[in-house]
Amino acid sequence: KSFQLMKFPSIPWGNLAFGLFILYIVNSINVFYTLYYPPLCNEESKSCFSAVFSDDKLYDFYVVASTDSYNLQTQNIITSKKNINISVGFEETVNIILEKKFLKNNTIFGHVLVVKAGSNPMSNNKPSAHYTTSLVSFKVPDVVRVNLMEAITAVDNSTVIAHWRPRLIAHILDPDLKFDSKNYPGEFRRMMNRKSMTYNPVIYVDQLSHTRRHDTPLTASGAVNLTVSFSPITIGKLRIWMQFEEAIRNLKDLGFGDDDVDEIKSIFTDTNMYFLVLTFFVSVFHLLFDFLAFKNDISFWKNRKNTAGLSTRVIIWRCVSQVIIFLYLCEHKTSYIVLGPAGVGMFIELWKVCKSLKFSFVGGKVKFGEKTEEEKATEKIDSEAMWYLQWLMYPLIIGGAIYSLLYVSHRSW
């Protein structure tokens, strides 16, 4: 008897991808809803966490500079506001002359504190809301772009320079919020005190809106400006922002650079929240359609035996263009978000060229397959069309190169 292997049915990858996409959308909606509307303590529950000074209505606000991320010194208060109502908030710009001890090591931390009105912010015995953030970042100067036809002055771009953070945006969570002791957001676990059933007020300094391109170099005079903004924040927005920050930290661990992180931050901060959510879902749909397009493109070329009706010259030109774009993005150290899809597209175009030229290795030698009569006819028509097209294409390329050389600034030759 002869035995035949059981044939498994082919997997409909398109339907499978669409089903996974729908599940992902439903899960994303559920995650966003849970983040924005976490469970709070109701009036009937007897075990609730409340803020340590939830009964107070007026507070004192301080921003203190320090060379240490833990130790505070009273004489280094950058700005302070007394008897403020946290439901109103404020914004002001402070002119600062940094002391020599700060300029010496260029390590400056900003401590944001909110205490009961009239309390000493430096006392460890008084409950306070406290957040520490760095006011200085280190980076090399931006590359200077010059006109190649003019004299070029050498600029040292290898020296790391300290840059000052010009804006500090702080938020406070409403102290009147109470959390159920058995079901509270995990982000606040370290703030909860089960003995007193209280939690430290939540101060949040917005790191998403801070990008390194806004930082200004520190000078020897130590004269800088700091715009301080303070306002309340809803728990839903706070939790979403904290999740975004955690995701950005994970990207850094994966090797993403500061420029990549700044580009991602600008997506969140330069866009309205509702428009951002809409953009997220549109981007997900775009990702799905990209996947389906790649799938159909690969399927088409995988099963194709000849290139009759297809222009081999156009395929090669597309491949060359994709390689140039990819190398240009690499040279400019573009974000991985853009570089990744460009690299995938480049390899697909290279694969198409190999398929169209019937490229193969035989016995360690490069071999190109023979063309059929239909392919030769297509090649003839394609050659004639390209002959007429070159009279338009070459003048445009040469003219564009001359214009770029004379009027456009470049990093180097």
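Throughout this document, residue positions are counted from 1 along each chain, in the order its sequence is written. Only residues with pLDDT of at least 70 are given local features in this predicted model, and only at 80 or more are side-chain atom pairs given and counted; all residues enter the totals for whole chains, interfaces and linings. Side-chain figures throughout are based on the complete set of non-hydrogen atoms in the structure, without hydrogens or water.

Overview of the overall build of the protein chain
Here a helix means four or more residues in a row that DSSP labels H or I, a strand means two or more in a row labelled E, and each is numbered from the N terminus. A tally of helices and strands in the protein chain yields 8 helices and 17 strands. Restricting the contact set of the protein chain to residue pairs at least 6 apart, pairs at least 24 apart contribute 77%. Per-residue and other accessible areas were derived by the Shrake-Rupley procedure at a 1.4 Å probe size, with only the shown protein chains allowed to occlude residues. Carbon and sulfur atoms form 60% of the exposed surface of the protein chain, whose accessible area is close to 26,600 Å². It only takes one pair of heavy atoms within 4.5 Å for two residues to be counted as in contact.

Section: the pattern of salt bridges
By definition, a salt bridge exists where a carboxyl oxygen of Asp or Glu is found within 4 Å of a side-chain nitrogen of Lys or Arg. This structure, assessed with the given rule, holds 8 salt bridges. One salt bridge in this structure joins Arg313 and Asp382, with 3.5 Å as the shortest N-O distance. Taken as a pair, Arg313 in helix α6 (residues 312-331) and Asp382 in helix α8 (residues 373-407) lie far apart in primary sequence, 69 residues in all.

Observations concerning the nonpolar core
Of all hydrophobic cores here, the largest spans 30 residues; its most connected members are Phe61, Trp164 and Phe230. Of all the elements in the fold, those that place two or more residues in this core are β2 (59-66), β3 (77-84), β4 (90-97), β5 (109-116), β8 (161-164), β9 (167-173), β13 (203-205) and β15 (223-233). Those residues within four positions of Phe61 in sequence are excluded, and the remaining contacts are Thr79, Ser80, Lys81, Ile84, Phe90, Val112, Leu113, Val114, Val228 and Phe230. Among the buried residues, those of types Ala, Val, Leu, Ile, Met, Phe, Trp, Tyr and Cys that are joined through side-chain atoms within 4.5 Å form a nonpolar core. Burial here depends on accessible area, computed with a 1.4 Å probe over protein chains only, as a share of the maximum for the residue type. Under 20% is buried, over 50% is exposed, and the range in between is partly exposed. Core analysis: the next-biggest nonpolar cluster, separate from the first, contains 24 residues, Phe49, Leu173, Met191 and Met192 among them.

What to know about α6
Spanning 20 residues, α6 covers 29 Å between terminal C-alpha atoms, matching the ideal 28 Å at 1.5 Å per step. Those residues of α6 lying buried are Thr312, Ile315, Cys319, Phe326 and Leu329. The buried side chains of α6 occupy one side of the element, clustering within an arc of 120° when seen end-on. Exposed residues lying more than 90 degrees from the buried face of α6 are Ile324, Leu327 and Tyr328. Looking one or two places after α6, you find Lys333, whose phi comes out positive at around 50°. In a helix, the anticipated span is given by 1.5 Å times the number of residues less one. An arc is given here, and it is the one of the directions from the helix axis to the C-beta atoms.

Regarding the sheet that holds β8
Following DSSP output, two strands are said to pair if at least two bridges run between them. Taken together, 3 strands build an open sheet; the order of strands is β7-β8-β14 and the sheet is antiparallel. Two strands lie at the open edges of the sheet, namely β7 (136-139) and β14 (216-217), each paired on one side alone. The pairing of β8 with β14 spans 2 bridges and is classified as antiparallel. Counted as the bridge partner of Trp164 is Thr216 from β14.

Thoughts on the packing of aromatic side chains
A pair of Phe, Tyr and Trp rings is counted when the ring centres sit within 6.5 Å of each other, with Trp represented by its six-membered ring. The angle between the planes then sorts it: under 30 degrees is stacked, over 60 is edge-to-face, the rest tilted. For the structure on display, the rule yields 9 aromatic pairs. Both rings, one in Phe90 and one in Phe230, keep their centres 6.1 Å apart while their planes meet at 45°; by these two values the pair is tilted. Taken together, the positions of Phe90 in strand β4 and Phe230 in strand β15 put the pair 140 residues apart, joining distant regions of the chain. With respect to class, Phe90 is no different from Phe230; both count as buried. Ring geometry for Trp387 and Trp391: centres 5.9 Å apart, planes at 75°, overall edge-to-face. Here the residue Trp387 and the residue Trp391 both occupy positions in helix α8, the gap between them amounting to 4 residues, near one helical turn. Its relative accessible area of 58% is what places Trp391 among the exposed residues. Linked through ring pairs, Tyr33, Tyr36 and Tyr37 together constitute an aromatic cluster.

Side note on the sheet that holds β9
The strand order β4-β15-β9-β13 describes an open sheet built from 4 strands, whose pairing is mixed. In this open sheet, the two strands that pair with only one neighbour each are β4 and β13. Shown here is a sheet whose adjacent strand axes are inclined to one another by a mean of 25°, direction ignored. Judged from the 3 bridges that link them, β9 and β13 form a sheet pairing that is antiparallel. Residue pairing in the sheet places Ile172 in a bridge with Ile203 of β13. In this description, a line fitted to the C-alpha atoms serves as the axis of each element, helices being fitted only across the stretch in contact, and the angle between N-to-C directions of two axes falls anywhere from 0 to 180 degrees. The sheet contacts of helix α3 (residues 235-253) involve β9, β13 and β15, and relative to β13 the element is tilted by about 50°.

Observations regarding unusual backbone geometry
For Asn83, which is not glycine, the phi dihedral falls at a positive 55°. Considering the arrangement of structural elements, one finds Asn83 in strand β3.

A few points about the side chain of Thr227
Note that Thr227 resides in strand β15. Judged by relative accessible area, which is 14%, Thr227 ranks as buried.

Topic: the layout of surface pockets
The rule is simple: put a 1 Å grid over the protein atoms alone, call a set of points where a 1.4 Å probe fits but cannot get out a cavity, call an open set with protein on both sides within 12 Å along at least five of seven lines a pocket, and count a residue as lining if it has an atom within 4 Å of a point. Grid points are joined across faces, edges and corners, and a volume is the space filled by probe spheres set on the points. Taken as a whole, the largest pocket holds about 900 Å³ of empty space. Taken together, 37 residues line the largest pocket, and the ones lying closest to its centre are Tyr131, Thr132, Gln207, Glu245 and Arg249. At the level of elements, β6 (128-134), β7, β13, α3 and α4 (258-269) are the ones that each hand at least two residues to the lining of the largest pocket. Of the residues forming the lining of the largest pocket, the biggest block, 7 residues, is contributed by β6.

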